Amino acid sequence: MLRLKNISKSFGNEVVLNDLCLEVNHGETLVIVGPSGAGKSVLLKIIMTLLDPDHGQIFLDDFNITNLNEAERMKITKRFGMLFQGAALFDSLTVKENVGFVLYQSQKTPNGRDVENIVREKLALVGMEHVMDTLPSDLSGGMKKRVGLARAIAHDPDIILYDEPTTGLDPIMANTINKLIIDLKNKLGVTSIVVTHDMHSAFMIADRIALLHEGGIRVIGTCEEIKNSQDPILKGFIQGELIDHK
Ligand SMILES: Nc1ncnc2c1ncn2[C@@H]1O[C@H](COP(=O)(O)OP(=O)(O)OP(=O)(O)O)[C@@H](O)[C@H]1O
Ligand SMILES: [Mg+2]
């Protein structure tokens, strides 16, 4: 469904992504793991066309979505939903206004439906319909993530990108978010790309796991393949992360 070909991205002298290649299958959950600063968030932004790569191409359903003009880019970004690292809600807007933000602006909703109805339905999917009129500052970290997730799916995207959905949450809330990610995949049939350093959550939700290391995908495979991999960098990363989370 999504194909990244030889993607490179630098900021000044810092090479973040270097000739990266990756394919994501329709309907799968691909988890991308890697150390802090490896370029995981940059990679998600490039996939969503929020950032342009210096080199390389991205294909969505065999259509080249690299370096599009603004009108084309707007059309493509509608196919993506993104849960940003830290949820990134607007503090001065209520939950309802946050979740419905894009829909209120575009004045056109799927089947002409009332925005409030759509917002309520999406909040119900993440168990947050009771906080419609609350401000984000009155929500816990886990609730913010769930509201951010409702916002990410408000416009019915077919690809959902999650940037660190469980970071900073207690294990019970992290589990709730993991279950939601699995649920959304099963209920909506979406394709998901999840960035995390949480290996427990990676093994729970992934169809495949990829390790981002030194600007490229060093290892990619099913959970079984990743658990059995003898790659020293991957093994070191997994052991380090599992110890960190004990
Ligand atoms: N807009 C930008 N301008 C300059 N440098 C940037 C920009 N965005 C990211 N970088 C740099 O690119 C590198 C990768 O950043 P990125 O945020 O993708 O890391 P990450 O893997 O998501 O890390 P973390 O796990 O801490 O979120 C970092 O060194 C960062 O400083
Ligand atoms: Mg990041």
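The present account deals with the structure reproduced in this document. Worth saying up front: this structure is predicted, and the values here are computed from it rather than measured. Positions within a chain are numbered from 1, following the residues in the order the chain's sequence is written. Starting at A for chains and at 1 for ligands, labels are handed out in the order in which the entities are written. Local features in a predicted model are, by the rule used here, given only for residues with pLDDT of at least 70; side-chain atom pairs are given and counted only at 80 or more, and totals for whole chains, interfaces and linings are based on all residues.

Quick look at the overall build of the protein chain now. Helix and strand labels come from DSSP, where a helix needs a run of H or I of at least four residues and a strand needs a run of E of at least two; each type is numbered from the N terminus. The helix and strand inventory of the protein chain stands at 10 helices and 10 strands. It is over C-alpha atoms that the radius of gyration is taken, and the globule rule equals 2.2 Å times the number of residues to the power 0.38. In terms of overall size, the protein chain behaves like a compact globule, its C-alpha atoms giving a radius of gyration of 18 Å where 246 residues would be expected to give roughly 18 Å. The C-alpha extent of the protein chain, read off along each of the three principal axes, is 50 × 45 × 35 Å. Sorting the 246 residues of the protein chain into buried and exposed places 38% on the buried side. Note on contacts: residues are paired as contacts if their backbone-placed C-beta atoms lie within 7 Å. When contacts within the protein chain are restricted to residue pairs at least 6 apart in sequence, those whose partners lie at least 24 apart make up 66%. Whether a residue is buried, exposed or partly exposed is read from the other C-beta atoms within 10 Å of its own C-beta, which are placed from the backbone; 20 or more gives buried, 12 or fewer gives exposed, and intermediate counts give partly exposed.

Before going further, it helps to examine the pairing of strand 4 (residues 55-60). Paired strands are those between which DSSP finds at least two bridges. Bridge count for strand 1 (residues 2-11) against strand 4 is five bridges, and the pairing is antiparallel. Across the sheet, Ser8 pairs through a bridge with His55, a residue of strand 4. Relative to strand 5 (residues 63-64), strand 4 runs antiparallel, the two being bridged by two bridges. Directly across from Leu60, in strand 5, lies its bridge partner Phe63. The antiparallel pairing of strand 4 with strand 5 creates a hairpin that spans two residues between the two strands, and Asp61 there sits at a positive phi of about 50°.

Time to look at the site of ligand 1. Throughout this description, a residue near a molecule or strand is one whose C-beta atom, derived from the backbone, lies within 6 Å of it. Near ligand 1 you find Phe11, Glu14, Val16, Gly34, Ser36, Gly37, Ala38, Gly39, Lys40, Ser41, Val42 and Gln85, and these make up its full shell. Residue assignment for the shell around ligand 1 shows that the elements contributing at least two residues are strand 2 (14-24) and helix 1 (40-47). For the shell around ligand 1, the leading source of residues is helix 1, giving three residues.

Now for the pairing of strand 1. Put simply, side chains in a regular strand alternate between the two faces of the sheet. Judged from the seven bridges that link them, strand 1 and strand 2 form a sheet pairing that is antiparallel. What sits directly across from Phe11, in strand 2, is Glu14. With antiparallel pairing between neighbouring strands as the criterion, strand 1 and strand 2 make up a hairpin whose turn holds two residues, including Gly12 at a positive phi of roughly 60°.

Turning our attention to the sheet that holds strand 8 (residues 191-196). Overall, mixed pairing links the six strands, which are arranged 6-7-8-3-9-10 in an open sheet. Edge positions in the sheet fall to strand 6 (80-83) and strand 10 (216-221), since each of these pairs with one other strand and no more. Taken pair by pair, the neighbouring strands of this sheet meet at an average axis angle of 20°, ignoring direction. Both strand 9 (residues 208-213) and strand 10 contribute to a ladder of five bridges, which runs antiparallel. Paired with His213 across the bridge in strand 10 is Gly216. Note on geometry: axes are C-alpha line fits, over the in-contact stretch for helices, and angles between N-to-C directions span 0 to 180 degrees. Contacting strand 6 and strand 7 (159-163), helix 6 (residues 141-152) runs over the sheet at an angle of about 170° to strand 6.

Shape descriptors only; they carry no functional weight alone.
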